[in-house]
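# Structural characterization, general
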Amino acid sequence: MTSNNILTWSQWLQENDAEHLAGTQCILVQNIPQKTSIEKVRLYFENHRRSGGGEIEKVVNLHDGVVIMFQDDKYVQNTLEKVHYLDDTRLKIVSRFVPPLCGDRFLLSNVGKGTSLDTVELLLENCDKPNQRCPELIPCKYEGQYLALYKEPTELYEIREITKEISRNKLDGCALKATLMHPTNALLVEDIPGDSSKENIETFFNNCAHIEKDKVTAVDLCSVNTAVVSFADCQCAEGLWEHCKTTTLQMSGCCLKISLYYHHLQSNHSETNNSSDQHEKTYVEPQSSSAEGISTGPVVTAIPNKGSYMISSGSDILNYLGFKKLNKNLREEFSERAKISLVVTEDSVYIQYTAKDDAPQSLLEDFDKFFSNFSSQLVSGNEAELSKLRASYNWTEDEEKIKVRIGSTVMHVFARWTTDGVQITGQTKQVYAVVKQFERLLNLKTVTLPICESYYKRLMKHEALQTLMVNDGKVEVTCNPTDYSVTFTGSAKDVDQAELCFIRKFMGLDPTPVEKQAIAIQVENLGNISI
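First, a word on what this report is: a plain description of the structure on this page.

Definitions and limits used
- Residues numbered from 1 in each chain as written.
- Predicted model: local features only at pLDDT ≥ 70, side-chain atom pairs only at ≥ 80, totals over all residues.
- Heavy atoms only, no water.
- Helix = DSSP H or I, 4+ residues; strand = E, 2+ residues; numbered from the N terminus.
- Contact = heavy atoms within 4.5 Å.
- Areas by Shrake-Rupley, 256 points an atom, 1.4 Å probe, with all protein chains shown as cover.
- Core = buried A, V, L, I, M, F, W, Y, C linked by side-chain atoms within 4.5 Å.
- Buried < 20%, exposed > 50% of the residue type's maximum accessible area, 1.4 Å probe, protein only.
- Phe/Tyr/Trp six-rings, centres within 6.5 Å; stacked < 30°, edge-to-face > 60°.
- Lys NZ or Arg CZ within 6 Å of the ring centre and 35° of its normal.
- Pairing = 2+ DSSP bridges.
- Axes fitted to C-alpha atoms, helices over the stretch in contact; angles between N-to-C directions.
- Salt bridge = Lys/Arg side-chain N within 4 Å of Asp/Glu carboxyl O.
- Arc of directions from axis to C-beta.

### A closer look at the overall build of the protein chain
- Looking only at helices and strands, one finds 15 helices and 29 strands in the protein chain.
- For the protein chain, contacts bridging at least 24 residues in sequence account for 66% of all contacts bridging at least 6.
- Here the protein chain has roughly 27300 Å² of accessible surface; of this, 45% comes from carbon and sulfur atoms.

### Examining the nonpolar core
- Core analysis: the largest hydrophobic core is formed by 23 residues, its most contacted members being L187, I201, F205, V229, F231, L249 and L256.
- Taken together, the elements giving at least two residues each to this core come down to β13 (186-190), α7 (198-206), β14 (216-223), β15 (226-231), α8 (234-243) and β18 (257-260).
- Once you skip the residues sitting within four places of it in the chain, V229 turns out to touch N185, A186, L187, V189, I201, F205, V216, A218 and V219.

### So, the packing of aromatic side chains
- Enumeration according to the criterion identifies six aromatic pairs in this entry.
- Ring centres of W9 and W12 lie 5.8 Å apart, and the angle between their planes is 5°; this geometry places the pair in the stacked category. Note that W9 and W12 are positioned in helix α1 (residues 9-15) at a spacing of three residues, about one turn of the helix. Here W9 and W12 have matching classes, each one buried.
- Between F106 and Y150, the ring centres sit 6.2 Å apart and the planes meet at 45°, which makes this aromatic pair tilted. Within this pair, whereas F106 is found in strand β7 (residues 105-109), its partner Y150 is found in the loop between β9 (146-149) and α6 (156-167), the two being separated by 44 residues in sequence. As far as the burial class goes, F106 and Y150 line up, both buried.
- Counting every residue linked through ring pairs, the aromatic cluster contains F204, F205 and F231.
- Lying across the ring of W241, K245 places its NZ or CZ 4.0 Å from the centre.

### What about the sheet that holds β18?
- Read from one edge to the other, the open sheet built from four strands follows the order β14-β15-β13-β18, with strand pairing classed as antiparallel. In this open sheet, the two strands that pair with only one neighbour each are β14 and β18. The average undirected angle you get between the axes of adjacent strands in this sheet is 25°.
- Here four bridges tie β13 to β15, and the two strands are oriented antiparallel to one another. Opposite V189, over in β15, you have A227 as the bridge partner.

### Examining the pairing of β9
- Side chains Y146 and A148 of β9 all project onto a buried face; the interleaved residues L147 and L149 project onto the opposite face, where all are buried too.
- In this sheet, β9 lies alongside β7 in antiparallel orientation, the contact comprising four bridges. By the bridge assignment for β9, R105 is matched with L149.
- For strand β8 (residues 136-139) and β9, the ladder comprises four bridges, and the chain directions are antiparallel. Within the sheet, the bridge partner assigned to I138 lies in β9 and is L147.

### Quick look at the pattern of salt bridges
- As enumerated under the stated definition, the model contains 15 salt bridges in all.
- Bridged by salt links that share partners, the residues E39, R42 and E46 form one connected network.

### What to know about the side chain of E158
- Mapping E158 onto the fold places it in helix α6.
- Excluding its chain neighbours within four sequence positions, the residues that come into contact with E158 are N131 and R133.

### Details of helix α5 (residues 117-127)
- Taken together, the buried positions of α5 are V120, L123, L124 and C127. Down the axis of α5, the buried set is contained in an arc of 100°. They therefore lie on one face. When the buried face of α5 is taken as reference, the exposed residues oriented beyond 90 degrees from it are D118 and L122.
- Considering only its buried residues, α5 is in contact with β7, β8, α6 and β10 (170-171).

Quick look at the structure:
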């Protein structure tokens, strides 16, 4: 099944003025074979005997699947209860409903080029006559257009009155337009671990406590660390966004930044640029990926061959590389293609460049490749745990550039100690190895089992006791001759299983399994031991 210019769910709702459909239940059909036409999908779900469906009101081909609205909502539940195959392929069916308009936002258009945001904010406050609240103005990709988002509690009837009042006004000679908005079913997710695949991201969000299982319908990678995640319902996306206002989601130690995604918003991970010679604001037109409106690369400025590129990992990468070293490496790497200079702000680093050829986009892609060799991840831990970690390597809290020996390899990384943990920055492969090592050390568990002297002496004869291999996790075993005890050290899960294994194999006991769960234990070199 192929289609051109397909829309996102929120984009279709907005463009089709779907307020009258609010509350309508429907189904989203996914995993449709490429060779299957929309007409065949429609005929299948119209066939009650085969699909459980019935008379269809509307069929809409969208970015994340095909939405089918039946004339009677009873057919929705019927189709959800059946297994569907079409052209020898099993279809995936999830429920979806048309949401009501939002009571906390609207789209503001036709703001004049020379009108300042302060002036716009004053007008918006005046149009909210009872309360004079001022919304946050989020730039869109089209000049003069903003998403107005209220942080204070508002109701839909209030937003209606505000938008009517705005549309009666002119500002600097421009007639403003305010349009009510539907919620979005997509979120822009930033600061994703650099080695994450679409499948990793989908699994992570499907397993979030605030998301129903299998509610993720699409994942579109915008860059190495940024993706747009689409959900079956707007309620899923908006609910998770609200939750993330007070709670930070972590994926493999990285703190994710979550924001609402609309097709007409300027991409959050792209930057608008101002030339020192020309103060024209530039809005980036998203490049098509698997859906219209998803930006797939960094900013390309409208000022020919000039622009800036933001290092998304900010000052941590700068501290790891060093300003002089980074500046030197960039100039050497790209000297034949562009003039390069670095600009450091409070929380980010920008590469300002002037391309020497007519292909600035390829230059930006090569910037991506250069920085994809580096990443930054947070290892969470409290002060006591971090102190234990520093003590194990004889580090001080002030040390930033540290060495970590893992096996025979020495890793050189940058460490920033925070109240939440330690932020590790460096070459991507080394960061991954160091983070895994630190997480293992922070999650070590120690259990000591006292045994009688006679058993202890028998156990000392067996070299196999020195290391237990349990489910591929290494548990160190220490024998204590002073009090005739055995101590296990390793991850909590592996230590618990090693303890159970030890009791069964060496002590001749058969304890009751915890929570009646079957536990598979593999112990090497212990099969022939008799006591």
